[in-house]
Amino acid sequence: RAKDEGGGEHFAYEPMLHAHAEERRKLEYSLRRALENNEMSLHYQPVVDANDEHVVSFEALLRWNSKEHGFVGPDKFIPLAEDTRLIIPIGKWVLEQACIEATNWPSHIRVAVNVSGEQLIEPEFASTVVKALSSSGLDARRLEIEVTESIFLRDANVARAALEQVIALGCTVALDDFGTGYSSLGYLRKLSFSTIKVDRSFVQGAAQNSAESLAIIRAVVAMADSLEMTTTAEGVETAEEAEMIRELGCSKIQGYYFGRPMPALEARAIFDRAGRLIA
Ligand code: C2E
Ligand code: MG
Ligand code: MG
Ligand code: MG
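Numbers given for residues are sequential positions, taken from 1 along each chain in its written order. The lettering of chains begins at A and the numbering of ligands begins at 1, in the order of writing. The predicted origin of the model limits local features to residues at a pLDDT of at least 70 and limits the giving and counting of side-chain atom pairs to 80 or more, whereas totals for whole chains, interfaces and linings rest on all residues. Remark: hydrogens and water are excluded; side-chain values derive from all non-hydrogen atoms of the structure.

A. Main features of the overall build of the protein chain. The numbering of helices and of strands both runs from the N terminus, where a helix is a DSSP run of H or I of at least 4 residues and a strand a run of E of at least 2. Tallying secondary structure elements over the protein chain gives 11 helices and 10 strands in all. Only C-alpha atoms enter the radius of gyration, while the globule expectation follows 2.2 Å times N to the 0.38, with N the number of residues. For the protein chain, the C-alpha radius of gyration of 20 Å lies close to 19 Å, the compact-globule estimate for 279 residues. Taking the principal axes of its C-alpha atoms as reference, the protein chain extends roughly 70 × 45 × 40 Å. Split into buried and exposed, the 279 residues of the protein chain put 45% on the buried side. Here the analysis covers contacts within the protein chain between residues at least 6 apart in sequence; of these, 67% occur between residues at least 24 apart. Carbon and sulfur atoms make up 50% of the accessible area of the protein chain, which amounts to about 14,200 Å² in all. Classification of residues uses two cut-offs on accessible area relative to the type maximum, computed with a 1.4 Å probe and protein chains only: under 20% is buried, over 50% is exposed, and between them is partly exposed. Two residues qualify as a contact provided that any one of their heavy atoms is within 4.5 Å of a heavy atom in the partner residue. In short, Shrake-Rupley with a 1.4 Å probe defines the accessible areas, and a residue's cover is counted only from the protein chains shown.

B. Here's a closer look at the coordination of the magnesium ion (ligand 2). In this analysis a donor is any N, O or S atom within 2.8 Å of a metal ion (3.2 Å for sodium, potassium and calcium), and since water is not included, sites may seem incomplete. In the first shell of the magnesium ion (ligand 2), the protein supplies Glu59 (OE), Asn114 (OD1), Glu146 (OE) and Asp176 (OD), at 2.0 to 2.3 Å from the metal. Each donor residue of the magnesium ion (ligand 2) belongs to the same chain, with the gaps between them written as E-x54-N-x31-E-x29-D. A gap of 4.0 Å separates the magnesium ion (ligand 2) and the magnesium ion (ligand 3), which Asp176 links by coordinating each metal. Of the two residues, Glu146 sits in strand E5 (residues 143-148) while Asp176 sits in strand E6 (residues 172-178), which places them 30 residues apart along the sequence. The burial state of Glu146 is the same as that of Asp176; both residues are buried.

C. Structural context of the site of ligand 1. Of all residues adjacent to ligand 1, which total 21 residues, the nearest are Arg63, Ser116, Asp176, Glu237 and Tyr256. The definition of a polar contact used here is a pair of N or O atoms within 3.5 Å, where within protein one atom must be able to donate a hydrogen and the other to accept one, and adjacent residues in sequence count solely through side-chain atom pairs. A distance of 3.0 Å is found between a nitrogen atom of ligand 1 and a side-chain nitrogen or oxygen belonging to Arg200. Within the backbone of Tyr256, one N or O atom sits 2.8 Å away from an oxygen atom of ligand 1. In the complex, the protein chains occlude 85% of the 810 Å² of accessible area that ligand 1 would expose alone. For the shell around ligand 1, the secondary structure elements donating two or more residues are strand E2 (55-66), helix H2 (74-84) and E6. It suffices for a single heavy atom of a residue to lie within 4 Å of a molecule or strand for the residue to be listed as near it.

D. Representation of the environment of Leu86 in the model. Note on placement: Leu86 falls in the loop between H2 and helix H3 (87-102). For the pair Leu86 and Tyr182, spaced 96 residues apart in the sequence, the C-alpha separation amounts to 25 Å. Ignoring any residue separated from it by four or fewer positions in sequence, one finds Leu86 in contact with Glu28, Leu31, Arg32 and Ala81.

E. Inspection of the coordination of the magnesium ion (ligand 3) at higher detail. Around the magnesium ion (ligand 3), the protein contributes the donor atoms Asp176 (OD), Asp177 (OD), Glu234 (OE) and Glu234 (OE), which lie 2.0 to 2.6 Å from the metal centre. Look at where the donors of the magnesium ion (ligand 3) fall in the sequence and you get D-D-x56-E. Taking relative accessible area as the criterion, Asp177 reaches 25% and is therefore assigned partly exposed.

F. Local environment of the pairing of strand E8 (residues 230-233). Strands pair, by our definition, only if DSSP identifies at least two bridges between them. In this structure, strand E7 (residues 195-198) lies alongside E8, joined through 4 bridges in parallel fashion. Each bridged residue has a counterpart across the sheet, and for Ile196 the counterpart in E8 is Thr231. As a crossover connection, the stretch from E8 through helix H10 (residues 239-248) into strand E9 (residues 252-254) is right-handed. Whether a crossover is right-handed comes down to one check: with the strands pointing away from the viewer, does the path from the first strand over the helix to the second run clockwise; if it does, it is right-handed.

G. Examining the packing of aromatic side chains more closely. Note on ring pairs: Phe, Tyr and Trp rings are taken, using the six-membered ring of Trp, and paired if centres are within 6.5 Å. Classes follow the plane angle, with under 30 degrees stacked, over 60 edge-to-face and the rest tilted. Tallying each qualifying case throughout the model produces 5 aromatic pairs. When the ring of Trp64 is compared with that of Phe77, the centres are 5.7 Å apart and the planes differ by 85°; the resulting orientation is edge-to-face. Here Trp64 is found in strand E2, whereas its partner Phe77 is found in helix H2, with 13 residues between them in sequence. With a relative accessible area of 0%, Trp64 lands in the buried category. Exposure remark for Phe77: the relative accessible area of 0% places this residue in the buried category. Ring centres of Tyr257 and Phe258 lie 4.8 Å apart, and the angle between their planes is 70°; on these two criteria the pair is classed as edge-to-face. A residue is classified by how much of its surface remains accessible, and Tyr257, at 39% relative accessible area, is partly exposed. One aromatic cluster is present, built from ring pairs that chain together Tyr44, Phe58 and Trp105. Lysine NZ or arginine CZ positioned within 6 Å of the ring centre and within 35 degrees of the ring normal marks a charge as sitting over the ring. Here the guanidinium or amino end of Arg260 rests over the ring plane of Tyr256, the centre of that ring lying 3.8 Å away.

Have a look at this one:
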């Protein structure tokens, strides 16, 4: 070990770790400048009503095309943004952009924005939402905030209070990726979620005839019904899966089958005035 050999150059003896830390440092350096360099954009993925397949909303999904690193996936840069608190300015920009873009859609189409725990527990969170709504002119009822169960792990009361503030404004809150990670049914009593998003892993499991996945989706739908919440199935990729999900009683469907996340200009063009998908 480096320490035993008395070397101060600890990292030199752990080349893998060093390479990883170096890569991360470079990524962070670029991420710090990503907004001002116009490298961030939002893509929008349609969510459809399970019964009539009309678009009801779009989920805003952040994309980063870095000059230095090319396309970097959110699964890579969002955790980095959270660790470095860059998620605060980035998340603010996402909220503002998504609200502006939604004003270009028919008024019954809503927009869903992912929000990290770090953003929620910022004292400024609710006022950031108020500003995004007022500067865009978007009706609060058209904005849904998506959070995951992880927000209840730390500062649960602060997170809940922040969400209650945006609910008071007229926004709704969805519980994203339900069933992964730290699921506890207790979380569902703590807040008036309007929607539970059933994680893609259960949809894929059910499509492969996993009895457990089927049972879990059934249970989530039954529970959501009795709590007066709706369900959205994530990650529906085929007509068969869409049919299965409809039969299981999920209210809404999101997935590549109905549309991939797409640039704002494309999203504007995919539905007619009635919100029907233009084939
Ligand atoms: P999420 O909120 O659960 O978003 C759904 C993810 O599933 C998206 O991945 C979407 O592209 C993908 N997806 C949708 N339909 C299908 C399908 O049919 N098949 C498959 N295989 N995948 C599908 P994406 O865009 O890579 O985002 C990953 C995660 O990054 C999101 O998961 C969310 O947790 C986070 N994220 C994205 N944008 C933001 C943001 O603006 N703020 C924050 N805090 N997190 C974000
Ligand atoms: Mg989401
Ligand atoms: Mg999700
Ligand atoms: Mg996810």
